[in-house]
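Tertiary structure, described
The primary structure of each chain is shown beneath.
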Amino acid sequence: MESLPEFTEDLRQRPRTVAVGRRDWGEPGPPSMLFDRAARAHSCRAPWAQDRTAVRNMELSYIWSSMSLTRPPSSTFGGPPPTRAAAGGRRLSRLSKMSSSSVMKPKTPSKLLYESDATTTSETGKVYWPRGLTVSQTGDIFVADTANHRIQVYTPCAIHKASFGSFGTGTGQFDQPSAVAMCGDHHIAVADMKNKRVQVLSENGRPKRMFHTQWEPHSIVCDPDRNIIVANSNNEIEVYFPNGELYTTFKVNERLPFRSYQWPLFVTQNTRNEIVVSDPVTQLVKFYDYDGDLQSEFKPTVRQGVGVRVIPRGIFCDRVDNIFLVDGLNHTVNYYSDNGWHLEQMLTSAHELGTPQAVALTPEKHLVVTECSVNGSHCVKIFRGFSCECHKSRPGSVKRKSAGLQPAKSAPAAMISMGISAIRE
């Protein structure tokens, strides 16, 4: 058999596009194999701000693909077995010493932007079993720190800003607050679960008013008229006027007459003044009017996976009535239209998502998620949701933790106002 010519060409001089249908010596090749470029950075980041690590991994991916296509064929594809080592074997052995993650798996830009400290303690700025959350018009994030019996406030960069509340039954005190909602006029409404009441406070924690509920409140939302809608532990929806007077109460799930703490209801509202309920028992998303009449419902599914079961939990409606829904079974966040059509799977474990509990959308079109589980982390995470203008001037390193990100005293005033640390990870 005629020996193959020596391969001495420098791989760095090879063209970027390689013919994959035929081998270099003219014989029909194996089935076409695609060696795509490494995943590019998010569209909201300028090219000059992309992470150079991803570019380096992309170059290594092309070198690997070139070497794979110039090696002698193996008997696996029906070709003649190799009779000697190829001239490129020296380079191949050098590449084989590199980690497979840096050569075969090009780096994918992470969606995770910011993350609060995940240690489960009662220290300031740290959460323990965080449940509900809400976002103000200025981007501040209010989190119900359930096990610590307080409300935590974070900046849009997940830096701890303030906290208020303590354990007790007095005004301004909480016993396992489970949810929080914006209530107009820069006020927030807190579902004080074990005290069976709702407290309305200012954004800095000053108590305004309070009223008791019929059952333990688990989820809460306020409409533009400041009416307060509560999903209680008895699988009921309670609607209150702004002064705390009860308007109506209606049952959501007649098939579950007993109280369920394991499968509580989650509630939000859309722009059509409908009460949108996430019911994990029937695995449905239901739309009610204020009188309790069921308007419509749909069963959430995942378009990418046939037969994938979805258990709806935390829910949030955006300004066009599309729905962000937490899947309590698969630990994902899905995006649906108001008629139930699955639009996109926004967050999964591939995006460093743990066990999500609640979700909300920031003015910057970022997704804020609370996470907690028995063996997992307890934290607040901010993910890149849609294309936005806020990252065009941000540095390439996007994953940051709130611990140690407080700006130094000598930092510029503009950097302090943005809540960004002068020291990058």
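Throughout this description, residue numbers start from 1 for each chain and increase along the sequence as written. For this predicted model, a pLDDT threshold of at least 70 governs which residues receive local features, and a threshold of 80 or more governs which side-chain atom pairs are given and counted, while totals over whole chains, interfaces and linings are taken from all residues. The side-chain quantities take in all heavy atoms of the structure and omit both hydrogens and water.

Definition used in this section: a nonpolar core is a set of buried Ala, Val, Leu, Ile, Met, Phe, Trp, Tyr and Cys residues joined via side-chain atoms within 4.5 Å. Partly exposed describes any residue whose relative accessible area lies between the buried limit of under 20% and the exposed limit of over 50%, with all areas from a 1.4 Å probe on protein chains only and scaled to the type maximum. Of all hydrophobic cores here, the largest spans 16 residues; its most connected members are Leu133, Ile141 and Val368. Contributions of two or more residues to this core are made by β1 (112-115), β2 (130-135), β3 (141-145), β22 (356-361) and β24 (379-384). With sequence-adjacent residues up to four places away left out, Val368 is seen in contact with Leu133, Val135, Ile141, Ala358, Val359, Ala360, Thr362, Val380, Lys381 and Ile382. Segments assigned H or I by DSSP are reported as helices when at least four residues long, segments assigned E as strands when at least two residues long, and all are numbered from the N terminus. The contact definition used throughout considers only heavy atoms, calling two residues in contact when any of these lie within 4.5 Å.

It is worth spelling out unusual backbone geometry at this point. At Lys196, a residue that is not glycine, the phi angle is positive and equals roughly 55°. Mapped onto the fold, Lys196 is located in the loop between β7 (187-192) and β8 (197-202). A relative accessible area of 35% means that Lys196 is categorised as partly exposed. For Arg226, which is not glycine, the phi torsion reads 70° and is therefore positive. With respect to the element layout, Arg226 can be found in the loop between β10 (217-222) and β11 (228-232). A residue is classified by how much of its surface remains accessible, and Arg226, at 33% relative accessible area, is partly exposed.

A separate point is the pairing of strand β9 (residues 207-212). Paired strands, in this sense, are two strands between which DSSP finds at least two bridges. As defined by bridge partners, β8 adjoins β9 across five bridges and the pair is classed as antiparallel. Note on β9: the bridge partner recorded for Val200 is Arg209. Between β8 and β9, which pair antiparallel in sequence order, lie four residues; one of them, Gly205, sits at a positive phi of approximately 90°.

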